[in-house]
Each structure stands twice: as C-alpha cells, then as structure tokens.
Amino acid sequence: MFRLSPIKDEGIFICPCNSIHMFFMFFPIDVVFLDEHHQVVKTIVHLKPWHVVRPVKHAVSAIELPSGTIHKYQIKTHDKIKL
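Residues numbered from 1 in each chain as written. Predicted model: local features only at pLDDT ≥ 70, side-chain atom pairs only at ≥ 80, totals over all residues. Heavy atoms only, no water.

Peer 1: Help me out: how do you make sense of the pairing of strand β3 (residues 29-34) in this one?
Peer 2: Consecutive side chains of a regular strand alternate in pointing toward one face of the sheet and then the other. For β3, a buried count of 6 out of 6 residues is recorded, marking the element as mostly surrounded by other parts of the structure. Residues I29, V31 and F33 point to one face of β3 and D30, V32 and L34 to the other, with burial holding for every one of them. Pairing of β3 with strand β4 (residues 40-47), which is carried by 5 bridges, proceeds in the antiparallel orientation. Paired with V32 across the two strands is T43, which belongs to β4. The antiparallel pairing of β3 with β4 creates a hairpin that spans 5 residues between the two strands, and H38 there sits at a positive phi of about 60 degrees. (Buried < 20%, exposed > 50% of the residue type's maximum accessible area, 1.4 Å probe, protein only. Helix = DSSP H or I, 4+ residues; strand = E, 2+ residues; numbered from the N terminus. Pairing = 2+ DSSP bridges.)

Structure (structure tokens):
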C-alpha cells in the first residue's frame, strides 16, 4: 500500500488470506488465490485500485503479482503453485 509505482519481477505471498482490498493502491495488480494445497482456486486479472475482493471460497492464501503476470504465465484455476 502507498507505493506509487507498480511492482516488477516480484510478488507478495499473503497467508492467511481469502480476500483483499485495493485501498491506497495506485496501480492495478494480478491476484492468485490458493487453497491449503497451493492449488489455484481463483485468479483476478488487472485488479484496479480502490476495489474490494470478497472472500473467496476455499482460499487460504493469496499472491499479489504485477499486472500481466497471470496472462504471461497462463495461470488458471486448478493449477498448482510451487512455493
């Protein structure tokens, strides 16, 4: 939050987490929600500032990534993320 320029080549893993808000964000991001086995349960592409994502069923963690990452790596529901 409060960062003025977009993130590049990095991400933030948040656990526990099943919802997020974009208050005080100044650029869009991609978000990947994971279950307890690190399987993707939901992806959100280009989430804009000042938006809220309601709780995601079965999600226990989230990865916030630079906008475009989900498309670049073709991340989709049911993929397994190795951390």
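Peer 1: Honestly, the sheet that holds β3 in this entry has me stumped. Any pointers?
Peer 2: By way of backbone hydrogen bonds, the strands of a sheet pair with one another, either parallel or antiparallel. One open sheet holds the 4 strands; their spatial order is β1-β6-β3-β4, and the pairing between them is antiparallel. Two strands close off the open sheet at either side, each with one partner strand: β1 (12-14) and β4. Averaged over neighbouring strand pairs, the angle between their axes works out to 15 degrees when direction is ignored. Both β1 and strand β6 (residues 61-66) contribute to a ladder of 3 bridges, which runs antiparallel. Along β6, the bridge assignment pairs F13 with I63. (Axes fitted to C-alpha atoms, helices over the stretch in contact; angles between N-to-C directions.)

Peer 1: Please explain the packing of aromatic side chains as it appears in this structure.
Peer 2: This model, assessed by the stated rule, comprises 2 aromatic pairs. Judged by centre distance (5.8 Å) and plane angle (40 degrees), the ring pair of F23 and W50 falls under tilted. Of this pair, F23 sits in the loop between β2 (20-21) and β3 while W50 sits in the loop between β4 and β5 (52-53), placing them 27 residues apart in sequence. Overall, F23 belongs to the partly exposed group, its relative accessible area being 31%. Judged by centre distance (5.2 Å) and plane angle (65 degrees), the ring pair of F24 and W50 falls under edge-to-face. Residue F24 is located in the loop between β2 and β3, and its partner W50 is located in the loop between β4 and β5; the two are separated by 26 residues in the primary sequence. An aromatic cluster is defined as three or more aromatic residues linked by ring pairs; in this entry it consists of F23, F24 and W50. (Phe/Tyr/Trp six-rings, centres within 6.5 Å; stacked < 30°, edge-to-face > 60°.)

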